[in-house]
Amino acid sequence: AADRSVVLREAVRELSRNMGWHCSFAPKTEVGGVGNGVHIHFSFQDSDKRPVTYDPARPGGVSSLAGSFVAGIIRHLPALIAFTAPSPISALRLQPHHWSSSYTWFGDRDREASLRICPVNRIGAADPARAFNIEYRPADATACPHLALAVMVRAGIEGIREKLPAPPLFAGDPATLSEVDRAALGLHRLPGSLDAALDALTADKTVNGWFDPLAMQTYCGMKRMEIKLAGTAIDDGLCRRYAGIY
């Protein structure tokens, strides 16, 4: 899947060049503009290729297995942001009321949730189990797709191993809740900058344990240097620089 995403991007870029256009996958082309994500959809099959993400008897139709996987992601999400939305302008997209992710939030067909149960066709005799899937939304094209998939899957596996219960499904606006109510629902604000995401990554010993220490030191060092090179002004000019690169 990661390989295909790279090939698709290169094909679209080449087509654009041939047409005399400029194509960008950057998360923002201007501060006040529409955001652009690269969401990751996932579902599960058993060894006989039968779908096992859907269980109509459970909240949202999410099976126990899938719910544990989501719970693992939610638990480690602040650290995962350093890999899945890893540029100085990525946090511009991860804002409340932007049809994007802003909290550690599991929602049913809610475009503000970080992990969203996607709508499926339930008309007539259509089997919802075969199309049922969950979407990881706080990701954009400045991420390495292979790293993004790897950390998302590893976090989900942690949830399965620990048999974590599915996070509560939330619908509404977290900003209208008190801090106590948000905490009770597991709604925590995502890192508001790449610097904050790297701090969350450094603090998450589980996520650090997935990597050789030198690899983690190298990745964080590279990203800290990117922050330094980008400068302190997170403005339209910086968005244009990333639009030219990505």
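Our structure's up above, just so we're on the same page.
Residues numbered from 1 in each chain as written. Predicted model: local features only at pLDDT ≥ 70, side-chain atom pairs only at ≥ 80, totals over all residues. Heavy atoms only, no water.

A. Layout of empty space enclosed by the protein. Inspection of the entire model under this criterion finds one cavity of 30 Å³ or more. Estimated volume of the largest cavity: approximately 40 Å³. The wall of the largest cavity is formed by I81, A85, S87, S90, A91, L94, S193, L194 and A197. Among the residues forming the lining of the largest cavity, the class breakdown is six nonpolar, three polar and no charged. (1 Å grid on protein atoms, 1.4 Å probe; cavity = no way out; pocket = protein on both sides within 12 Å on 5 of 7 lines; lining within 4 Å. Points joined across faces, edges and corners; volume = space filled by probe spheres on them. Nonpolar A, V, L, I, M, F, W, Y, C, P; charged D, E, K, R; others polar.)

B. Region of the structure containing the layout of surface pockets. In this structure, the largest pocket encloses a volume near 270 Å³. Lining the largest pocket are 16 residues; nearest its centre among them are A1, S5, H39, I40 and L149. Put simply, the parts of the chain that give the lining of the largest pocket at least two residues each are α1 (2–18), β1 (40–42) and α4 (145–161). For the lining of the largest pocket, a count of residues per class yields ten nonpolar, three polar and three charged. Within this model, the second largest pocket holds a volume of roughly 200 Å³. In terms of lining residues, the second largest pocket is bounded by 15 residues, among which A71, I74, P165, P167 and P168 are the most central. In terms of residue count, the dominant contributor to the lining of the second largest pocket is helix α2 (residues 64–84) (three residues). Split into classes, the residues belonging to the lining of the second largest pocket amount to twelve nonpolar, two polar and one charged. (Helix = DSSP H or I, 4+ residues; strand = E, 2+ residues; numbered from the N terminus.)

C. Up close: a nonpolar patch on the surface. Residues L15, M19 and W21 make up a contiguous nonpolar surface patch of roughly 370 Å² in combined accessible area. Residue placement: W21 occurs in the loop between α1 and β1. (Patch = residues over 30% accessible without salt bridge, like charges linked within 9 Å, V, L, I, M, F, W, Y side chains within 5 Å. Areas by Shrake-Rupley, 256 points an atom, 1.4 Å probe, with all protein chains shown as cover. Salt bridge = Lys/Arg side-chain N within 4 Å of Asp/Glu carboxyl O.)

D. Up close: the environment of D173. Locating D173 in the fold gives a position in the loop between α4 and α5 (179–184). In this structure, the C-alpha to C-alpha distance between D173 and A113, residues 60 residues apart in sequence, is 10.0 Å.

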